[in-house]
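Each chain is listed here by its residues.
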Amino acid sequence: MLKTQKKELDLSPYVVPQHVAIIMDGNGRWAKRRGLPRQAGHRAGAENLRRIVRASVEFGIKVLTIYAFSTENWGRPESEISALMRIFARVLDQEIDQLHAQGVCLHHLGELQGINPKLQDKVRRALEITKNNDRLILNVAFNYGGRAEILHAVRQMLADNVRPEDLTEELFSSYLFTSGLPDPDLVIRTSGELRISNFLIWQAAYAEYYPTPAYWPDFGREDLYAAIVAFNQRDRRYGLVSDDAG
Ligand code: FPP
């Protein structure tokens, strides 16, 4: 089979963001444009995830967070939800060896409760298999919502009798699903939407936002590279003034 030559992409002039988070949007529209059912878009989205994980490892990204299924997505038609669950289960079955071989450590952001118990078992197994890998941490936000995550953290803090005077941003962060991980530097959203959609709302406080018109199944290695280049053109100020502000 003819293999297409991988384009040389020079990252040496750039700082690679440590943590990239992606809202993988546009699967449905990708499918519709081709006259296919929405599920076909999600299958193509899952295929693309494999490419983007590979590219992330290649580029030296340390943490990649993907928004796979939100707490709000339960409101979608039953047929679409079950198709998505089947895709997640298949990806966990078929991709875990490859992910493990690439040094990917899988993390789950969100609540496992409420998910089909068989799928829960597959997730737990995948986390166990990859737990000692450190090349790339792949956070899969699944049954995840930013507000739900904050409530979960507050409940835990109350249960731990955290005293108000001891509450700091660092302590609060340690109660989130992303505990111990750096905050995202760059949040990418495909399909041209300009919303944050309840994604990492605490952690992304100072992230650079990069919307791109590409539908998720079409967002490739070169698009990820372009996002990194754009990230390097931003002046991250964290509420301060820039060095050249005079
Ligand atoms: C958004 O497209 C995508 C999702 C809600 C699901 C994302 C799932 C995948 C990419 C499948 C693979 C993921 C894993 C973790 C195996 P949309 O349906 O909202 O698209 P639309 O806005 O065009 O309708």
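First, a word on scope: everything that follows refers to the structure included in this document.

Right, let's talk about the overall build of the protein chain for a bit. From N to C terminus, the protein chain includes seven helices and six strands. Counting from the amino terminus, helix and strand elements in the protein chain follow one another as β-α-α-β-α-β-α-β-α-α-β-β-α. The C-alpha radius of gyration of the protein chain comes to 19 Å, within 12% of the 18 Å expected for a compact globule of 246 residues. By its C-alpha atoms, the protein chain is 60 × 55 × 35 Å across when sized along the principal axes. When each of the 246 residues of the protein chain is scored for burial, the buried share is 48%. Within the protein chain, residue pairs in contact and separated by at least 24 positions form 77% of the contacts whose partners lie at least 6 positions apart. Put simply, the protein chain shows about 13,700 Å² of open surface, and 51% of that area lies on carbon and sulfur atoms. When the 31 positive and 31 negative side-chain charges of the protein chain are each reduced to one mean point, those points stand 9 Å apart.

Below, the discussion takes up the packing of aromatic side chains. Tallied over the entire structure, the rule returns 13 aromatic pairs. Plain terms: the ring middles of Phe69 and Phe88 are 6.4 Å apart, the flat faces sit at 85° to each other, and that makes the pair edge-to-face. Here Phe69 is found in strand S2 (residues 63–70), whereas its partner Phe88 is found in helix H3 (residues 78–101), with 19 residues between them in sequence. As far as the burial class goes, Phe69 and Phe88 line up, both buried.

In this section: the nonpolar core. Note that soluble globular proteins tend to have their nonpolar side chains buried in a common cluster. In this structure, Phe59, Leu64 and Ile188 are the most contacted members of the largest nonpolar core, which totals 46 residues. Considering every element that reaches this core, the biggest residue donor is H3, with eight residues. Every residue in contact with Phe59, bar those within four places of it in the chain, is listed here: Leu9, Leu11, Val16, Arg221, Leu224, Tyr225 and Ile228. If you look at the next biggest cluster of nonpolar residues, it comprises 12 residues, including Leu109, Tyr144, Leu200 and Ala204.

Attention now goes to a nonpolar patch on the surface. On the surface, a nonpolar cluster with roughly 370 Å² of combined accessible area is contributed by Tyr206, Tyr238 and Leu240. Considering the arrangement of structural elements, one finds Tyr238 in the segment after helix H7 (221–233).

Turning our attention to H7. Given 3.6 residues per helical turn, the α-helix brings residues three or four places apart onto the same face. An ideal rise of 1.5 Å per residue puts 18 Å on 13 residues; H7 measures up with 19 Å between its terminal C-alpha atoms. Where H7 is concerned, the buried positions are Arg221, Leu224, Tyr225, Ala227, Ile228, Val229, Ala230 and Phe231. Packed against the buried residues of H7 are helix H2 (38–59), strand S5 (186–189) and strand S6 (208–211).

Reading the values: the criteria
- Residues numbered from 1 in each chain as written.
- Predicted model: local features only at pLDDT ≥ 70, side-chain atom pairs only at ≥ 80, totals over all residues.
- Heavy atoms only, no water.
- Helix = DSSP H or I, 4+ residues; strand = E, 2+ residues; numbered from the N terminus.
- Rg over C-alpha atoms; globule rule 2.2 N^0.38 Å.
- Buried < 20%, exposed > 50% of the residue type's maximum accessible area, 1.4 Å probe, protein only.
- Contact = heavy atoms within 4.5 Å.
- Areas by Shrake-Rupley, 256 points an atom, 1.4 Å probe, with all protein chains shown as cover.
- Lys, Arg positive; Asp, Glu negative; His and termini not counted.
- Charge placed at Lys NZ, Arg CZ, Asp CG, Glu CD.
- Phe/Tyr/Trp six-rings, centres within 6.5 Å; stacked < 30°, edge-to-face > 60°.
- Core = buried A, V, L, I, M, F, W, Y, C linked by side-chain atoms within 4.5 Å.
- Patch = residues over 30% accessible without salt bridge, like charges linked within 9 Å, V, L, I, M, F, W, Y side chains within 5 Å.
- Salt bridge = Lys/Arg side-chain N within 4 Å of Asp/Glu carboxyl O.
- Expected span 1.5 Å × (residues − 1).

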